[in-house]
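So you can see what is in the structure, the chains are spelled out below.
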Amino acid sequence: MPLCGDLKADAFADRHGMKESLRIGLLPAVVALVYGNTLRNEFTMDDGIYVLRNPQVTNASVHALFSANKLTNLFRPVTFGTLALNWKLGAARPFGFHLFNLIAHAAVCLLLYLLLQKMLGASLAGTSVAFTAALIFAVHPIHTEAVSSIVGRAELLAAGFLLAAWILHLNDRQIPALICLVLALLSKESAVIFLPLVLLGDYARDRWKPNFRYLLMAGVTLLYLGILWKVQGGRLGRPSIAPLDNPLAALPGPWRILNALRVAWKYAGLHFYPAKLSCDYSLKAIPIYLDRRHTLPALLAALAAVGAWIWVAWKRRNGPILAGGLYLGGFAITANILMPTGTIMGERLAYLPSAGFCLLAALAWNWLRERQRIAALAALAAVVAAFGLRTMVRNRDWHDNLHLYSAAVRVSPGSAKMHNNLAGEYMASAQWDLAAAEFQTALKIYPDYPDALASYGLLEAWRGHNEAAGRMLERALFMSQRDNPNYDFMAVNYAALLMQTNHMDGALDVLNREIAESPGYARAWSNRAVIHYKQGQNAPARADAEAALRLDPENTQAQNLLRSLGSSGQSLRSPR
């Protein structure tokens, strides 16, 4: 079957073709050139949650890996397993983590090239389109979050194993294909789109496989969904979605879908013109509308695009069929249309879908090449160079959190989350005035932001403004729920402030409740041990300090208290 309705297999003479070995070598070389500067980057953003403070990585076991993450309820044993391997080999040194991501992205680019070549045919036209699509994919700036962010590895692994499974399916290697499918699913749940993509691809090529093969894929997917449902506590996804992370989750279904379509066009815009990229699109970064004037155009445009894709599918133009299927299918699970997800938008989520965009761009380039070869080659060189340079510059934003959050605030000045995160970085470097200004901006955007209130309260305590700090910390704790990952930190900070201001009974009440609800948080035990010690209750103080050390052997407050209990000449550190 032809690549597209009017593509010619003999578009180039053989002398114009590039050797296959050169193509295979060029793709990873380009990836290394464009993403080489990520190897100097540090851990950033969610790397702290999923790597540095994740026992599934730092103290890995088979049981831990095949359990849901305690903070986010995610079940990704293959992704966390590779992170655990990196930790085993290099501990908290980020170089190995970034090197793995770079290699994984290069592998995905090669797999995409091989898949498209298989799907589009072995003609020079098909091979050229496949290589061009993979080349654009290799350098596209929208992929920087997936590659530069260590935890973006889930996207790389899921896409890589999915593409490998697809290639094996086309080559009639059913058992290896199923194994790769399982690995893709255990890397990230979005790989459930595999069967629809395979069916669409076989339809486009008009080369169907025996029905039992599709049934096996469906069975594996359903079995995975059943296991995921059980592991995540009788649900799929997070127990709750914070409005800060995804304001669409709280909207009625029709308005959620209409606004999600507007976000979908924002993704499309970034594919065409990735000039302004951000690591965050949370509350207030993207406007939400509940009127037809703002939402109806996106709906009509989406219907027109889907209608055009259905038309080319009816005409069996396999290139555009595959491009549309990859793009639409890749976003099917994450676009907040079928169901609300944990975020309103994330550039990492465009990793697999962008393969469809890159294929569509390659098809358009091939159309031009058949008519104006020199112009087409010049255009391709310009696009690859521009995208590559933009990616290299964007990688520098991911060097550390200060660079990352500063860049995000410039691109998304309405993001309360990024102003709060930037303030935290200023706090860490003792730039207290800058931190206070960022906290104030975050709270002006989102007054009911408990994390910002709690951190600002801690800053005010450091500056000696205990009364203001107390009001902020108390309000932050009152507004928060137990599912907030920072709840324990907030509670103990509030208790510590009460201790410093000699409100011991109030501090003890907070700590008793915290220990009852979260007995694994060492700081709560060590702070309560200090209260018992100051009240002359040495036995309870010793018991609490020992409990703190069992949970955290490096808890210096508990160590200091036990020394004080053993030697009256020792003094206690202030509560932490």
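Computed from a predicted structure; not experimentally measured.

**Q** Whenever I open this one, the packing of aromatic side chains confuses me. Can you help?
**A** Each aromatic ring pair is summarised here by two numbers: the centre-to-centre distance and the angle between the ring planes. With the rule as written, the count across this model stands at twelve aromatic pairs. Seen in terms of ring centroids, Trp 208 and Tyr 214 are 6.2 Å apart; in terms of plane orientation they differ by 75°. Their pairing is edge-to-face. Ring geometry for Phe 272 and Phe 357: centres 5.0 Å apart, planes at 85°, overall edge-to-face. Within this pair, whereas Phe 272 is found in helix 13 (residues 253–272), its partner Phe 357 is found in helix 16 (residues 354–369), the two being separated by 85 residues in sequence. Residue classification places Phe 272 among the exposed positions, given a relative accessible area of 62%. Relative accessible area serves as the criterion here: at 11%, Phe 357 is assigned to the buried category.

**Q** I'm lost on the pattern of salt bridges in this one. Help?
**A** It is possible for side chains of opposite charge to pair when their charged atoms get near one another. Under the criterion given, the structure shown has 14 salt bridges. Taking the shortest distance from any N to any O, the salt bridge between Arg 23 and Glu 20 comes out at 3.2 Å. Taken together, the residues Arg 23 and Glu 20, both in helix 1 (residues 20–35) and three residues apart, mark about one turn of the helix. For Arg 23, a relative accessible area of 5% gives the class buried. Its salt-bridge partner being Glu 370, residue Arg 371 comes within 3.6 Å of it at the nearest N-O pair. For Glu 370, a relative accessible area of 28% gives the class partly exposed.

Calculation rules
Residues numbered from 1 in each chain as written. Predicted model: local features only at pLDDT ≥ 70, side-chain atom pairs only at ≥ 80, totals over all residues. Heavy atoms only, no water. Phe/Tyr/Trp six-rings, centres within 6.5 Å; stacked < 30°, edge-to-face > 60°. Helix = DSSP H or I, 4+ residues; strand = E, 2+ residues; numbered from the N terminus. Buried < 20%, exposed > 50% of the residue type's maximum accessible area, 1.4 Å probe, protein only. Salt bridge = Lys/Arg side-chain N within 4 Å of Asp/Glu carboxyl O.

None of this, on its own, says anything about what the molecule does.
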